[in-house]
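# Working through the structure, step by step
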Amino acid sequence: MAKHLKKKNKKPLEREASINLTSDSEQEVETLPDSEHVEKYKAKSKKLKIVKAVLLMVTVLFILGGFSIFRDDISIDGLRYLFKYFDISSSHLSDDTVELNINTENSMKSGIYRSGIAVLKTSSFEIYDYSGEKILDDRLSFTNPEMVIGGKYILVYDIGGKTARIYNTYSLLWEETYDYPITSADINDNGFFCVATGEKGYNSVVYAYNNSFEKIYRWVSGDKYVLDVSYCGSSASRFAVAAFKSDNGDYVSDVYIFDTEEEQPVYQETRNDELVIDAQYSDADSLKLLSDKRFTVINPNGESEAVETSFAEESLKMFCFGENYSAFLVNESIIGQSNQLRCFDANGNMVYSSEINAQVLDLKIYDNCIFALTTGKLYALNPETDNASEYEIDKDLKQILPISENSMALVGDERISFLITD
């Protein structure tokens, strides 16, 4: 059963405020029709049931006829493709939601996908619905599993390994084993994706695919190594690549934006003595770049935003990119747990800053709400309203999987617990 959490009066962050994540709605009162209208409704309902039964019978006969006529052309891969958009599960989290008991491991990755929770481990990929039923269980053999969840599909791959796969809720849709190790991969909400690996004679190659799993673009580099790729969420043709090379002992980073309809990159930037480690597109088509020294935002016109933040004199402990905000946890001292949480909007402007005097285990963003998890405590803040809330949780919970602004799953030792905040 999903637990309901209530806010404590104590304000853990600098701003004394509370956040109200739920709202009450008035119930509408429906008057019953008179007896004459009731009879009319009954007659219409009876006709509708007959029409539904006839349509269902026609549909079943059509499917059976198709299987009979084209039985020689039906294959497992064809059936997988037929059901790649199929998803009938409910995405509602209720009080009847149960706690999931699973075998966890240090390298496990988990996330919310449509109407359930996807769990990737070194030996398996599983999807559970909110009632606790396992709806997908596929065996694999990964060393460093990584997972990217898009709106349509889930892309899983083995960092340093050679295999990448794509799933929907119920089946494996695509699989590729490359000749060289995979360094990064990404998929957007429309199912377009890219994979960074290598080729004979080249240090790096990036393949771009459409949502029918067809290769549509190839970029190669003989002297650079790709650290990250990101496929633009609203585009079927644009993706970004962050690569680097060593020049006399110093790192030189190159950031590219490619369009699959153009031969040359539509944007390119070189950064000397700097290592770009993460690139991610936002819904606004802005590209967020994080290096070992700074955070910048490249707007859709290929221009760097004026506002930047530098981490050169600080230790960056954790970061999280959302669609509307980006959050960074920094520590100015080598020892101690005095962490500075800084939040930026989609244009790179700092909109919130506060201290958390505890070890932060996880940091996540859902829409306009930013969550921070420490041992036994969950913090929720909204940069738009400067409101913050604190919740007490079990001490074994270590990872946040936001479902909505007032519901989430928390991953602990051998379990995933569902929580609803008041």
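Only a predicted model underlies this, so the values are computations on that prediction, with no experimental measurement involved.

### Focus on the overall build of the protein
The secondary structure content of the protein amounts to two helices and 33 strands. Taken over 422 residues, the protein has a buried fraction of 48%. Expressed as a percentage of contacts within the protein between residues at least 6 apart in sequence, the contacts between residues at least 24 apart total 41%. Surface summary for the protein: the accessible area is close to 21,900 Å², and the carbon and sulfur share equals 48%.

### Focus: the sheet that holds strand S4 (residues 116-120)
Taken in spatial order, the four strands make up an open sheet running S3-S4-S5-S6, and their pairing is antiparallel. Every other strand in the sheet has two partners, leaving strand S3 (109-113) and strand S6 (134-139) as the edge strands with one partner each. This sheet shows a mean twist of 15 degrees between the axes of neighbouring strands, independent of strand direction.

### Brief notes about the confidence of the model for the protein
Scored by pLDDT, the protein comes out at a mean of 82, with 78% of its residues at no less than 70. The low-confidence segment residues 9-34 (pLDDT under 50) makes 45 contacts with residues lying over four places distant or belonging to another chain. Long-range and interchain partners of residues 84-93, a stretch whose pLDDT sits below 50, account for 33 contacts in this model, where long-range means more than four residues apart.

### A word on the packing of aromatic side chains
Counted by the stated rule, this structure contains 24 aromatic pairs. With centroids separated by 5.5 Å and ring planes inclined at 80 degrees, the aromatic side chains of phenylalanine 244 and tyrosine 251 adopt a geometry described as edge-to-face. Accessibility expressed as a relative area gives 17% for phenylalanine 244, which makes it buried. Judged by its relative accessible area of 41%, tyrosine 251 is partly exposed. Where phenylalanine 319 meets phenylalanine 321, the ring centres are 5.5 Å apart and the plane angle is 50 degrees; that geometry is what we call tilted. For phenylalanine 319, a relative accessible area of 31% corresponds to the partly exposed category.

### Some details on the sheet that holds strand S8 (residues 154-158)
The sheet built from four strands is open, its strands ordered S7-S8-S9-S10 with antiparallel pairing. For this open sheet the edge positions go to strand S7 (145-149) and strand S10 (172-177), each flanked by a neighbour on one side alone. On average, each strand axis in the sheet is tilted by 15 degrees relative to the strand beside it, whichever way the strands run. When strand S9 (residues 163-167) meets S10, the two strands line up antiparallel, connected through five bridges. Directly across from arginine 165, in S10, lies its bridge partner glutamate 175.

### Describing the side chain of serine 407
Within the secondary structure, serine 407 sits in strand S32 (residues 407-412). Note on serine 407: relative accessible area 7%, which makes it buried. A distance of 2.6 Å separates a polar atom in the side chain of serine 407 from a polar atom in the side chain of serine 404.

### Focus on the nonpolar core
The biggest cluster of nonpolar side chains holds 18 residues, and the ones touching the most others in it are Leu155, Ile166, Trp174, Tyr178 and Phe193. Contributing elements (two or more residues each) for this core: S8, S9, S10, strand S11 (184-187), strand S12 (193-199) and strand S13 (202-209). The element contributing the most residues to this core is S13, with three residues. Among the nonpolar cores identified, the runner-up in size contains 17 residues, and Leu341, Cys343, Ile365 and Ala372 belong to it.

### Let's talk about unusual backbone geometry
Positive phi, close to 50 degrees, is recorded for arginine 114, a residue that is not glycine. With respect to the secondary-structure elements, arginine 114 resides in the loop between S3 and S4. For arginine 114, a relative accessible area of 26% corresponds to the partly exposed category. Of note in the backbone geometry, aspartate 367 takes a positive phi value of approximately 50 degrees without being a glycine. Relative to the helices and strands, aspartate 367 is located in the loop between strand S27 (360-366) and strand S28 (369-374). Judged by relative accessible area, which is 43%, aspartate 367 ranks as partly exposed.

Conventions we followed
Residues numbered from 1 in each chain as written. Predicted model: local features only at pLDDT ≥ 70, side-chain atom pairs only at ≥ 80, totals over all residues. Heavy atoms only, no water. Helix = DSSP H or I, 4+ residues; strand = E, 2+ residues; numbered from the N terminus. Buried < 20%, exposed > 50% of the residue type's maximum accessible area, 1.4 Å probe, protein only. Contact = heavy atoms within 4.5 Å. Areas by Shrake-Rupley, 256 points an atom, 1.4 Å probe, with all protein chains shown as cover. Pairing = 2+ DSSP bridges. Axes fitted to C-alpha atoms, helices over the stretch in contact; angles between N-to-C directions. pLDDT = per-residue confidence, 0-100. Phe/Tyr/Trp six-rings, centres within 6.5 Å; stacked < 30°, edge-to-face > 60°. Polar contact = N/O pair within 3.5 Å; in protein donor to acceptor, adjacent residues only side chain to side chain. Core = buried A, V, L, I, M, F, W, Y, C linked by side-chain atoms within 4.5 Å.

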